[in-house]
Amino acid sequence: MRLLIIGGTEFVGRAVAEEALRRGHEVTTFNRGVTAPDVPGVRPVRGDRAQDADLDRLRGQEWDVVVDTCGYVPEVVGRAARLLAGSSGRYVFVSSVSACVAWPKERITDDTPRYDCPADARADAGEYGYLKAGCERAVEEAFGDRALVVRPGLILGPYENVGRLPWWLRRVARGGQVLAPGDPDTRMQLIDARDLAAWMLDAAERGLGGVFHATGGNTTMGRWLAACVEVTGADAELVWVPDRFLLDHQVRPWTELPLWRPDLPEYAGAWEVETARAEAAGLRTRPVRDTVRDTWEWLRGGGEPVIHDYAQLPEHGIDPGKEQRILTAWRSRGAA
Ligand SMILES: NC(=O)c1ccc[n+]([C@@H]2O[C@H](COP(=O)([O-])OP(=O)(O)OC[C@H]3O[C@@H](n4cnc5c(N)ncnc54)[C@H](OP(=O)(O)O)[C@@H]3O)[C@@H](O)[C@H]2O)c1
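Quick caveat: nothing in here was measured; it's all calculated off a predicted structure.

What surrounds the ligand is a group of 34 residues, the closest being Gly8, Thr9, Thr35, Thr69 and Tyr128. The backbone of glutamate 10 places a nitrogen or oxygen atom 2.9 Å from an oxygen atom of the ligand. At 2.6 Å, a side-chain N or O of tyrosine 128 approaches an oxygen atom of the ligand. Bound to the protein, the ligand loses 95% of the 930 Å² it would expose on its own. Elements represented by at least two residues in the shell around the ligand include exactly helix H1 (12–22), strand S2 (26–31) and helix H4 (128–143). With three residues, the single largest contributor to the shell around the ligand is H1.

Each assigned domain of the chain is listed with its residue range as follows: domain 1 (2–155 + 192–214) and domain 2 (158–189 + 219–267 + 287–331). Each of domain 1 and domain 2 has a C-alpha centre, and these two points are 29 Å apart. Each partner contributes residues to the interface: domain 1 has 14 residues there, and domain 2 has 19 residues. Between domain 1 and domain 2 the total buried area reaches about 1400 Å² when both faces are included, carbon and sulfur atoms providing 57% of it. Considering only the side of domain 1, the residues that lose the most area to domain 2 are Glu10, Phe11 and Leu154, jointly responsible for 39% of the buried surface there. Aspartate 294 serves as the salt-bridge partner of arginine 194, at 2.9 Å between the closest nitrogen and oxygen. If you look at where domain 1 meets domain 2, you find three residue pairs in polar contact (both at pLDDT 80 or more). Residue composition of the side of domain 1 that touches domain 2, grouped by class: eight nonpolar, one polar and five charged.

Here we take up the packing of helix H5 (residues 164–174) against helix H7 (residues 221–232). It is at 9 Å that the axes of H5 and H7 come closest, and there the two elements cross at 55°. Of the possible angle classes, the one that applies to H5 and H7 is oblique. Helix-helix and strand crossings are classified by hand; for H5 and H7 the assignment is right-handed. Between H5, through Leu165, Trp168, Leu169, Val172 and Ala173, and H7, the contact on the second element is made entirely by Trp224, Leu225, Cys228, Val229, Val231 and Thr232.

A few words now on the packing of aromatic side chains. Within a pair of aromatic rings, the relevant descriptors are the distance that separates the centres and the angle that separates the planes. Under the criterion given, the structure shown has nine aromatic pairs. Summarising the aromatic geometry, the rings of phenylalanine 245 and tryptophan 330 are spaced 5.0 Å apart at their centres and angled 70° between planes, so their arrangement reads as edge-to-face. Placement of the pair is phenylalanine 245 in helix H8 (residues 243–248) and tryptophan 330 in helix H11 (residues 320–331), with a sequence separation of 85 residues. Given a relative accessible area of 16%, tryptophan 330 falls into the buried group. Plain terms: the ring middles of tryptophan 254 and tryptophan 271 are 5.9 Å apart, the flat faces sit at 55° to each other, and that makes the pair tilted. With tryptophan 254 in strand S14 (residues 253–254) and tryptophan 271 in the loop between strand S15 (257–258) and helix H9 (276–280), this pair connects stretches of sequence that are 17 residues apart. For tryptophan 254, a relative accessible area of 12% gives the class buried. In this structure, arginine 14 packs its charged tip against the face of tyrosine 159, placed 4.5 Å from the ring centre.

In this section: the nonpolar core. Judged by nonpolar contacts, the single largest core of 43 residues is most densely connected at Trp168, Trp224, Cys228, Leu257 and Val292. Contributions of two or more residues to this core are made by H5, strand S8 (176–181), H7, strand S13 (236–241), H8, helix H10 (288–300) and H11. Considering each element in turn, this core owes the most residues, seven residues, to H7. Not counting residues up to four positions away in its chain, the partners in contact with valine 292 are Leu165, Leu169, Trp224, Ala227, Cys228 and Val231.

Further remarks concern the environment of alanine 85. For alanine 85, the position within the fold is in helix H3 (residues 74–85). It is 21 Å that separates the C-alpha atoms of alanine 85 and arginine 122, two residues lying 37 residues apart in sequence.

Quick look at the sheet that holds strand S11 (residues 210–214) now. Reading across the sheet, the seven strands line up as S3-S2-S1-S4-S5-S6-S11 and stay open at both edges, with parallel pairing between neighbours. In the strand order of this sheet, the two ends are held by strand S3 (43–46) and S11, each with one partner. In this sheet, neighbouring strand axes are inclined to one another by 20° on average, regardless of whether the strands run parallel or antiparallel. Two strands pair when backbone bridges link them, and strand S6 (residues 147–152) and S11 are joined in this way by five bridges, in the parallel orientation. The residue bridging leucine 148 from the neighbouring strand is glycine 210, located in S11. Most of the contacts of H3 go to strand S5 (residues 88–94), to which it runs at about 160°, and overall it touches strand S1 (2–6), strand S4 (63–68) and S5.

Once that is clear, we can look at the UniProt feature "domain: NAD-dependent epimerase/dehydratase" (unreviewed entry) in the chain. The UniProt record annotates "domain: NAD-dependent epimerase/dehydratase" (unreviewed entry) at residues 4–206. Strand forms 22% of residues 4–206 and helix 33%; the C-alpha atoms that close the span are 17 Å apart.

Rules of the game
- Within each chain, residue numbers correspond to sequence positions counted from 1 in written order.
- Per-residue local features of the predicted model are confined to residues with pLDDT of at least 70, and side-chain atom pairs are confined, for both listing and counting, to 80 or more; whole-chain, interface and lining totals are unaffected and use all residues.
- The basis for every side-chain value is the complete set of non-hydrogen atoms in the structure, without hydrogens or water.
- Near residues are defined by distance, with any heavy atom within 4 Å of the molecule or strand qualifying the residue.
- Counting of polar contacts relies on pairs of N or O atoms within 3.5 Å, with two restrictions inside protein: one atom must be capable of donating a hydrogen and the other of accepting it, and residues adjacent in sequence are counted only when both atoms are side-chain atoms.
- Note on areas: these come from Shrake-Rupley sampling with a 1.4 Å probe, and a residue is covered only by the protein chains present in the view.
- Secondary structure elements follow DSSP: runs of H or I of four or more residues count as helices, runs of E of two or more count as strands, with numbering from the N terminus.
- Per the annotation, domain bounds derive from an automatic or database assignment of domains.
- By definition in these notes, contact holds between two residues if any of their heavy atoms fall within 4.5 Å.
- The term buried area means the drop in 1.4 Å probe accessible area that two parts suffer when joined, counted for both and summed.
- Only one rule defines a salt bridge in this text: a Lys or Arg side-chain nitrogen within 4 Å of an Asp or Glu carboxyl oxygen.
- Under this grouping Gly is polar, as are all residues other than the nonpolar Ala, Val, Leu, Ile, Met, Phe, Trp, Tyr, Cys and Pro and the charged Asp, Glu, Lys and Arg.
- Inter-axis angles, ranging from 0 to 180 degrees, are taken between N-to-C directions of lines fitted to C-alpha atoms, where helices are fitted over the stretch in contact.
- Each angle gets one of four labels, with under 35 degrees taken as roughly parallel, over 145 as roughly antiparallel, 65 to 115 as roughly perpendicular, and the rest as oblique.
- Crossings are assigned a handedness: left-handed for a near helix turned anticlockwise from the far helix by less than a right angle, right-handed for a clockwise turn.
- Each pair of aromatic rings taken from Phe, Tyr and Trp, with Trp reduced to its six-membered ring, is defined by centres within 6.5 Å and is described as stacked if the planes are under 30 degrees apart, edge-to-face if over 60, and tilted in the remaining cases.
- Only protein chains enter the accessibility calculation, which uses a 1.4 Å probe; a residue is then buried when its area is under 20% of its type maximum, exposed when over 50%, and partly exposed in between.
- Whether a charge sits over a ring depends on NZ of Lys or CZ of Arg being within 6 Å of the ring centre and within 35 degrees of the ring normal.
- For this analysis, a nonpolar core means a set of buried residues of the types Ala, Val, Leu, Ile, Met, Phe, Trp, Tyr and Cys, connected via side-chain atoms within 4.5 Å.
- At least two bridges found by DSSP between two strands are what make those strands a pair.
- UniProt positions are given in the numbering used here, feature names are shortened, and annotations may be inferred rather than shown by experiment.

Structure below.
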């Protein structure tokens, strides 16, 4: 296939580029060339997708599949989709489960409604998930049933550009008592960027269209954190501290202790994403231990996360002094 990746250099886009080259596809990337280098073997076209003059560099070329990994603003995504609709077979848009109104409050099924963001909305029209829903519409308007909208849940793996698993691996590698959040049996879902990339390419090769939720690797907080201890070989002891205690000590869920969603009504559906449609279409995920191990190998080899601010998340990770204060308070609870 002739493949165009809009983006393609950091994490998911990078995994798509690597897998597509491995399969023998001809890969063009479109990015500004400022954040990270392209995968060797791709043909880069430089440009800012928000600038019409730059997008024009894609005019007059033909692709079997476009994979858009860096669409956040409907009006901007719509411009690329319209420009490419006549010259490209199919448009794969990487959205997010955040595009669903109910997530993370409620369990979401393959048919859960998305936000009603218009297809021509600008960046200031709303937040990340609302805008992703508008981006999905913009692609569907231009490509119709040739649009494949993929909504991943949490994505981890080598080259992760949010800094969630890298933070945990580095923290565990420092050793000692590690503040482990909540209940080790809390079920969670994640997908390795490489499995996501492979499945999107499978789906594109088979000419699939429609909306798919893509997550998996069903695991628990306890299992992937234990994998962090195992693969780092660290002398680390996980000290599990219940949600309520952490909340009472003003620990910020999801970011200060990355990946921690306490048992609160607003997160009740965080790890309850139905993926039946994608599984029926062949989605498979590797064991979580492999994702943890390979991310550690990547970090040990000098990998440095390019922290991407798409979700405008506050910096990840808890201050070491605060972590120690909470551990001390936990150990001495009830002593007073
Ligand atoms: N991380 C998660 O857990 C998670 C969960 C659900 C969904 N998602 C979605 O998954 C996707 C992850 O993407 P990724 O960052 O891994 O993709 P990526 O394609 O690997 O990296 C982002 C690319 O976009 C390019 N780019 C940024 N701004 C650009 C612009 N104005 N014009 C042209 N190119 C531009 C960057 O290069 P330059 O900066 O050099 O231009 C870079 O190549 C996102 O769509 C995200 O919403 C992520």
